[in-house]
Amino acid sequence: MVDSSTWQSVIAFVRENELLIEVIIFALGFAESLVLVSFFVPASVLFLAIAALHAAGDGPFLPILLAGSLGCLAGDIVSYAIGSRTKRHINAMWPFRSRPDLLARTQSMIRRHGVYAIFASKFIGPLRPITPACAGAASMSWPLFFAASAASSVLWALAFLAPTYYGFQFIA
């Protein structure tokens with residue numbers, strides 16, 4: 001069990017390092033949306049914990065929402081670029097190499113549902129990082145991809161930061 005002095009030390013650290021918290025949130029959002037990296041970073045869970053700590057330290061919500069959204073969008077952009085650059089060879093990359101059906105099904109979903117596929121995939125863990133790469137490989141329109149990714153990145157960050165941030169404030 002953690003004693004109250006430990007919690008006070010953690011909260012004091014959060015208060016004194018607000019910019020660091022924003023950088024961490026950006027990096028986690030980026031890693032969570034980056035193809036090949038996302039599978040190894042539990043960013044969603046960390047978003048929940050960090051948001052609660054940030055609320056406990058009386059930090060403002062908007063900067064962490066922006067940091068998370070921009071990190072997620074940046075990861076999507078890099079993943080889209082990887083897919084766009086490796087069009088013909090993306091099926092040789094992990095995870096598609098061992099699951100060729102995954103690439104075909106994701107690209108089919110993108111062709112059928114377009115921007116809605118980008119939105120939906122943001123909230124389906126395993127699809128979150130691979131859908132932007134598949135969209136790039138499928139030559140999805142850049143403006144459409146960017147708009148869908150930007151909007152869904154804000155909604156995703158909101159969904160994973162707001163509950164514990166405002167939940168902590170409600171119970172505190």
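For the structure, see preceding data.
One numbering rule holds for all chains: residues counted from 1, following each sequence as written. Where local features are concerned, this predicted model is filtered to residues with pLDDT of at least 70; where side-chain atom pairs are given and counted, the filter is 80 or more; whole-chain, interface and lining totals use all residues. To obtain the side-chain values, all non-hydrogen atoms of the structure were included, while hydrogens and water were left out.

1. Some thoughts on the packing of helix H5 (residues 100-113) against helix H7 (residues 127-137)
Note the threshold: Each axis is a line fitted through C-alpha atoms, and for a helix only the stretch in contact is used; angles between axes span 0 to 180 degrees, taken between their N-to-C directions. A run of DSSP states H or I qualifies as a helix once it reaches four residues; a run of E qualifies as a strand once it reaches two. Both are numbered from the N-terminal end. Roughly parallel covers angles under 35 degrees, roughly antiparallel covers those over 145, roughly perpendicular covers 65 to 115, and oblique covers all other angles. We call two residues in contact when some of their heavy atoms are within 4.5 Å. Charged means Asp, Glu, Lys or Arg here, nonpolar means Ala, Val, Leu, Ile, Met, Phe, Trp, Tyr, Cys or Pro, and polar covers whatever is left, Gly included.
Between H5 and H7, whose axes approach to 9 Å, the crossing angle comes to 75 degrees. Between H5 and H7, the angle is such that the two are roughly perpendicular. Mapping the contact onto sequence places Leu102, Leu103, Thr106, Gln107, Met109 and Ile110 in H5 and Leu127, Ile130, Thr131, Cys134, Ala135 and Ala137 in H7. Tallied by class, the residues present in the contact of H5 with H7 amount to nine nonpolar, three polar and no charged.

2. A short note on the environment of Ala157
Considering the arrangement of structural elements, one finds Ala157 in helix H8 (residues 142-171). Setting aside its immediate chain neighbours within four residues, Ala157 contacts Phe47, Leu65, Gly68, Ser69 and Ala162.

3. Concerning a nonpolar patch on the surface
Spelled out, the test is: Exposure above 30% relative accessible area and the absence of a salt bridge qualify a residue for a patch, where like charges join within 9 Å and nonpolar side chains (Val, Leu, Ile, Met, Phe, Trp, Tyr) within 5 Å. In short, Shrake-Rupley with a 1.4 Å probe defines the accessible areas, and a residue's cover is counted only from the protein chains shown. Whenever Lys or Arg places a side-chain nitrogen within 4 Å of a carboxyl oxygen from Asp or Glu, that contact is recorded as a salt bridge.
Residues Phe13, Leu19, Leu20, Val23 and Ile24 make up a contiguous nonpolar surface patch of roughly 450 Å² in combined accessible area. If you tally residues by element for the nonpolar patch, the top one is helix H2 (residues 18-33), at four residues. If you trace the backbone, Phe13 turns up in helix H1 (residues 4-16).

4. Let's talk about the side chain of Ser44
With respect to the helices, strands and loops of the structure, Ser44 is situated in helix H3 (residues 43-56). In contact with Ser44, other than residues within four places in its own chain, are Glu32, Arg128, Trp156 and Phe160.

5. Quick word on the environment of Val45
Definition in use: Here's how the labels work: a residue is buried when its accessible area is under 20% of the maximum for its type, exposed when over 50%, partly exposed in between, all with a 1.4 Å probe on protein chains only.
In this structure, Val45 sits in helix H3. Accessibility expressed as a relative area gives 57% for Val45, which makes it exposed. Sequence separation between Val45 and Ile171 is 126 residues; the distance between their C-alpha atoms is 20 Å.

6. Considerations on the nonpolar core
Heads up, the condition is: Buried Ala, Val, Leu, Ile, Met, Phe, Trp, Tyr and Cys residues that are joined via side-chain atoms within 4.5 Å together make up what is termed a nonpolar core.
Core analysis: the largest hydrophobic core is formed by 20 residues, its most contacted members being Ile90, Phe96 and Ala135. Counting residues per element, the ones that place at least two in this core are H5, helix H6 (115-122), H7 and H8. Among the elements that take part in this core, H7 stands out by supplying six residues, more than any other. Contacts of Ala135, omitting those with residues within four sequence positions, involve Tyr80, Ile110, Ile118, Met140 and Phe145. Of all hydrophobic cores here, the second largest spans 19 residues; its members include Ala43, Phe47, Ile50 and Ala55.

7. Examining the packing of aromatic side chains
As a reminder, the rule being used: To pair, rings of Phe, Tyr and Trp, with the six-membered ring standing in for Trp, must have centres within 6.5 Å; the planes then decide the type, stacked if under 30 degrees apart, edge-to-face if over 60, and tilted in the middle.
Overall, the coordinates contain nine aromatic pairs when judged by the stated rule. Plain terms: the ring middles of Phe61 and Tyr166 are 5.0 Å apart, the flat faces sit at 55 degrees to each other, and that makes the pair tilted. With Phe61 in helix H4 (residues 61-85) and Tyr166 in helix H8, this pair connects stretches of sequence that are 105 residues apart. Taking the relative accessible area as the measure of exposure, Phe61 reaches 9% and is therefore buried. Residue class for Tyr166 comes out partly exposed when judged on its relative accessible area of 43%. Summarising the aromatic geometry, the rings of Trp156 and Phe160 are spaced 5.3 Å apart at their centres and angled 45 degrees between planes, so their arrangement reads as tilted. Here Trp156 pairs with Phe160, and both are found in helix H8, just four residues apart, close to one helical turn. Given a relative accessible area of 0%, Trp156 falls into the buried group. Judged by relative accessible area, which is 21%, Phe160 ranks as partly exposed.

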